[in-house]
Amino acid sequence: MLRSGLRTVLLHASRRGSVRFAVEHAPISRGVVKRFVAGDGVGDAVRVSSELVASGLSVSLDHLGEDTTEPEHAESAAAAYVGLLGLLDEAGLSSHVEVSVKLSAVGQSLDRALATDLVRRICVAAADADTTVTLDMEDHTTTDSTLETLRDLRADFPWVGAVVQSYLRRTEADCRDLAVAGSRVRLCKGAYDEPDSVAFTRTEDVDDSYQRCLAVLMAGEGYPMVATHDPAMIKEAERLIAAGNRQPDSYEFQMLYGVRPDEQRRLSSEGACVRVYVPYGSDWYGYLMRRLAERPANMRFFLRSLVTRK
Ligand code: FDA
């Protein structure tokens with residue numbers, strides 16, 4: 001993970017309206033967005049999912065949108081997921097395609113009870129389609145409430161997946177709590193701009209934490225979901241899988257749509273379950289800015305596109 005001035009600026013910009021307008025209206029943004037986002041509509045989500053499934057991969061679909069401030073928007077985000085799950089079922093894709101939900105998209109900051117109620121509706125639709133839901137993790141001010149919502153939901157839907165971020169100092173302890181039978185846990189490094197008081201800020205420390213968390217999850221009885229593109233983290237996961245004699249149905253790798261597709265195919269061809277996180281929808285701004293912040297090469301690609309108007 002890149003910890004730099006540029007990263008901080010981009011992550012700060014990801015939450016500012018003025019920059020948002022400029023990026024959303026830059027003619028080239030669409031081309032860059034295409035690399036990371038399936039498209040605007042639910043049809044794009046289904047089409048891309050079916051292509052990935054046909055190539056042997058699994059999918060987690062994210063209906064883009066976050067930081068909802070109006071109850072009606074929270075309702076329509078939930079309705080979008082319910083509609084999507086129905087379509088996935090009809091298309092025969094739900095055995096390989098689940099959904100990822102950001103609680104802020106369904107009103108977490110407005111009213112936690114509303115968000116829990118809406119995500120519960122999504123879980124009912126997922127259960128009907130015979131698939132699963134994973135709760136994305138957002139910035140550290142929401143970690144406790146997200147884990148509380150997870151606990152509430154798991155009472156009825158034990159398959160709801162958690163996400164933990166290795167950059168947070170608390171995460172190794174959270175992994176110990178979560179590494180129980182049946183518990184689906186996605187381990188990622190973390191994509192928000194967090195203060196030193198709660199997060200490791202040096203790349204080496206985030207990576208060391210990732211490896212410690214991975215060891216806890218792989219030694220536990222849950223279902224670890226190894227979400228990273230980092231070759232060193234993938235290698236460590238492979239080492240722990242071999243050492244613990246973990247069977248291929250007891251863990252999975254996860255990567256983002258548009259990032260390291262060759263590595264996705266390599267892991268899959270070696271027998272691992274690989275799930276691609278595929279966002280879709282028109283509210284792509286925050287997602288794009290976090291992807292640009294992760295990697296200077298992505299930012300250069302974006303700036304080059306600005307100049308050449310590709
Ligand atoms: P790192 O950033 O160190 O990158 C390692 C290498 O991977 C790079 O050198 C490069 O080769 C490649 N790479 C990484 N990112 C790239 C990019 N954007 N474009 C091109 N190449 C790239 N975060 C969060 O806070 N909450 C969440 O819920 C989730 N959910 C989630 C789901 C899934 C499936 C994934 C893969 C990731 C997330 N994340 C997330 C994002 C995560 O926290 C993190 O920001 C990114 O995965 C980048 O971290 P890496 O582990 O890939 O390592």
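Residues numbered from 1 in each chain as written. Predicted model: local features only at pLDDT ≥ 70, side-chain atom pairs only at ≥ 80, totals over all residues. Heavy atoms only, no water.

Partitioning the protein chain into domains gives domain 1 (1-37 + 284-310) and domain 2 (38-282). Across the contact, 17 residues belong to domain 1 and 28 residues belong to domain 2. Between domain 1 and domain 2 we count one salt bridge in total. The partner of Arg 290 in a salt bridge is Glu 66, and the shortest N-O contact between them spans 2.9 Å. Linking domain 1 to domain 2 there are five residue pairs in polar contact (both at pLDDT 80 or more). Those elements that provide at least two residues to the side of domain 1 that touches domain 2 are α1 (5-13), α3 (29-36) and α12 (285-294). Per-element tally for the side of domain 1 that touches domain 2: the top contributor is α12, with five residues. Here the side of domain 1 that touches domain 2 is built from residues that sort into six nonpolar, two polar and nine charged. (Domains from an automatic or database assignment. Contact = heavy atoms within 4.5 Å. Salt bridge = Lys/Arg side-chain N within 4 Å of Asp/Glu carboxyl O. Polar contact = N/O pair within 3.5 Å; in protein donor to acceptor, adjacent residues only side chain to side chain. Helix = DSSP H or I, 4+ residues; strand = E, 2+ residues; numbered from the N terminus. Nonpolar A, V, L, I, M, F, W, Y, C, P; charged D, E, K, R; others polar.)

Let us look at the side chain of Thr 228. Here Thr 228 lies in the loop between β6 (223-227) and α10 (231-243). A distance of 3.0 Å separates the side chain of Thr 228 from the backbone nitrogen of Asp 230, its partner in a polar contact. Dropping the residues within four chain positions of it, Thr 228 is found in contact with Lys 189, Tyr 210, Met 233, Ile 234, Gln 254 and Met 255.

Let's shift gears to the environment of Gly 107. In this fold, Gly 107 is placed in the loop between β2 (97-101) and α6 (112-129). On a C-alpha basis, the gap between Gly 107 and Ala 22 in space is 26 Å, while along the polypeptide they are 85 residues apart. In contact with Gly 107, other than residues within four places in its own chain, are Thr 68, Ala 74 and Ala 115.

Turning our eyes to something else, we now look at a negative patch on the surface. Taken together, Asp 89, Glu 90, Asp 128 and Asp 130 make up a surface patch of like negative charges. Within the secondary structure layout, Glu 90 lies in helix α5 (residues 71-90). (Patch = residues over 30% accessible without salt bridge, like charges linked within 9 Å, V, L, I, M, F, W, Y side chains within 5 Å. Areas by Shrake-Rupley, 256 points an atom, 1.4 Å probe, with all protein chains shown as cover. Lys, Arg positive; Asp, Glu negative; His and termini not counted. Charge placed at Lys NZ, Arg CZ, Asp CG, Glu CD.)

Time to look at the nonpolar core. With 69 residues, the main nonpolar core has Leu 61, Leu 84, Val 99, Ile 122, Phe 253 and Val 278 as its most contacted residues. It is α6 that contributes the most residues to this core, eight residues altogether. Membership of the second largest hydrophobic core comes to 20 residues, among which are Leu 11, Tyr 285, Tyr 287 and Ala 293. (Core = buried A, V, L, I, M, F, W, Y, C linked by side-chain atoms within 4.5 Å. Buried < 20%, exposed > 50% of the residue type's maximum accessible area, 1.4 Å probe, protein only.)

Here the focus is the sheet that holds strand β4 (residues 162-165). One open sheet accounts for eight strands, arranged β3-β2-β1-β8-β7-β6-β5-β4; its pairing is parallel. Where the open sheet ends on each side, the last strands, each with one partner, are β3 (133-135) and β4. For this sheet, the mean angle separating the axes of adjacent strands, direction not counted, is 30°. The pairing of β6 with strand β7 (residues 252-256) spans three bridges and is parallel. (Pairing = 2+ DSSP bridges. Axes fitted to C-alpha atoms, helices over the stretch in contact; angles between N-to-C directions.)

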